[in-house]
Each structure stands twice: as structure tokens, then as C-alpha cells.
Amino acid sequence: MSGHVKNMYPQLSISQAARTLLSLLLVAAIDSVNAGVACRNQQCRSPIQRSSKLTRLIHMESVDLLKIYKASQGDMSELFCQMPNDIVPDPNISGLDPSERMLSIYSHCKAFLPHLKRVTEQQRDLQPPSSPLLNNLTTAQYRTSGLANQINCIYQTLFPNLPIPLEPVDGRTSIYPSQNVFQQKVYGCVVLKNFKELLSQITHELRTIKNQMCKSRTFAYTNALF
């Protein structure tokens, strides 16, 4: 009987890629719940500190991701990142005041997501399934999506009367539908280089916004008590 049941329900083997994907989905679900809590949390420092930690983590991983990418592209990989590519979003944060700069952070995160996805799809055709590059690219997508959700919540907390546009207000999201292998390698390298630079800027911006906005909100809250 036990043998018959065993044959009916053969043991399932889960690949490393599938395990990675499942764990990332779980992390994304937890991050989503945490982001929802942050949206309802009227305190200033806590959600910004949480997003700052996540940004530093993604930036640290992006440094390794770019190194792994270059190592997997063969000859001339060091030159790929130096070549121009007009369809990759600019990494520079813009805006004159904290609300505009926070919105720019959110828009840039959203703008880079389709490019990270495209690079992953291209490299899936160029790399073996066991390549660590593929898992790292997938991780970058999920973490960046989670960071965008957190930035959205911080923006709603700090600027409740300023709605977030449905589409990114800056950064280019159009992607050429067809590229040869050389163009794909250049495109991927420029995407990851700009992505790393963006994360460095976000780290600086969040620190500045926390110092500017949280002090003023704490002062206003203290005055309201007396």
C-alpha cells in the first residue's frame, strides 16, 4: 500500500532557481506587509531608516552584480559600460525641494524595473541556467520593487496632499524590441552601471531628506502637544 501511494505521489525535486524564486516571493510578500504598515505610520524616521537600510543592501549587491555581469560577458566586457546607450534611464535624482526629490527617487525605481527585467530575459538566453548572474538579477528586481513601495509610503506620509502620478514622471522606460548579442551585452552593462549609481544617490538623498523633514515634523508634533 505504501509503495502504491509512493508511486502515485512521486517525490518532487525543486531546483535551486525555483527555491530562490519562492524565497524572493516570500520576502516580497513580507516587504509588502511592512510597506503597508509604514504607510499608516505617521512617524518620520522609522520608515526612512528602513528604506535606507534596504537601499544600502541593494547598492552593495549591485556592486557585486556588475562585477559578475562583466565576468560573464567575455572579451571587451570592461568597455561595454563605457559605450553610449540612449534608452537606459539617467541615474541622477532631480527636484528642487524634498517632495520633488522623493518623487524622483520613486520614479527612478519604477523606471529601472523594466530594464532590469529585460536584462534578465536577455541573459537567460545567453547564460547557463546555473549562472549566479540570473539569480542576482532576479533578486535586484524584487528588492527594487520593494524599495519603490517603501518610497511610495514615505511620500504619502510626508506629503499626504501631494498625489503620486500613475506613471513615472522622469526617466525613460521605452526599450528597443530587438537587439543583437553585442548590443544586449552593452545595454545590460550600462543598465547595471546606472542602476548602481542610482542607488548611491538614493542613499545620499534619503539621509538628507531624513535630516530635513524629520526634524521639522518632530518640532511641529512637539508644539502641537503644548
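This text follows the structure it describes.
Computed from a predicted model, the values in this text were never measured in an experiment. (Residues numbered from 1 in each chain as written. Predicted model: local features only at pLDDT ≥ 70, side-chain atom pairs only at ≥ 80, totals over all residues. Heavy atoms only, no water.)

1. Observations concerning the pattern of salt bridges
Okay, so step 1: Tallying each qualifying case throughout the model produces three salt bridges.
Okay, so step 2: Residue Arg143 pairs with Glu61 through a salt bridge whose shortest N-O separation is 2.9 Å. Taken together, the positions of Arg143 in helix α6 (residues 132-158) and Glu61 in helix α3 (residues 45-71) put the pair 82 residues apart, joining distant regions of the chain.
Okay, so step 3: Classification of Arg143 as partly exposed rests on a relative accessible area of 22%.
Okay, so step 4: Note that Glu78 and Lys70 form a salt bridge whose closest N and O atoms lie 3.6 Å from each other. (Salt bridge = Lys/Arg side-chain N within 4 Å of Asp/Glu carboxyl O. Helix = DSSP H or I, 4+ residues; strand = E, 2+ residues; numbered from the N terminus. Buried < 20%, exposed > 50% of the residue type's maximum accessible area, 1.4 Å probe, protein only.)

2. Points about the packing of helix α5 (residues 98-126) against α6
Okay, so step 1: It is the contact of α5 with α6, at a shortest axis distance of 9 Å, that shows an interaxial angle of 160°. Taken together, the axes of α5 and α6 are roughly antiparallel relative to one another. Considering the relative orientation of α5 and α6, their crossing is left-handed. (Axes fitted to C-alpha atoms, helices over the stretch in contact; angles between N-to-C directions. Parallel < 35°, antiparallel > 145°, perpendicular 65-115°, else oblique. Left-handed = near helix turned anticlockwise from the far one by under 90°.)

3. Some points on the environment of Pro165
Okay, so step 1: When you line up the elements, Pro165 lands in the loop between α6 and α7 (181-225).
Okay, so step 2: Residues Pro165 and Ser107, 58 residues apart in the sequence, show an inter-C-alpha distance of 9.0 Å.

4. Details of the packing of α3 against α6
Okay, so step 1: Where α3 contacts α6, the axes come no closer than 10 Å and their chain directions differ by 155°. On the basis of their axis angle, the class for α3 and α6 is roughly antiparallel. Of the two possible hands of crossing, α3 and α6 adopt the one that is left-handed.

5. Focus on the environment of Pro98
Okay, so step 1: Relative to the helices and strands, Pro98 resides in helix α5.
Okay, so step 2: Between the C-alpha atom of Pro98 and that of Tyr155, which follows or precedes it by 57 residues, the distance is 9.6 Å.
Okay, so step 3: Excluding residues that lie within four positions of it along the chain, Pro98 makes contacts with Phe159, Ile209, Gln212 and Met213. (Contact = heavy atoms within 4.5 Å.)

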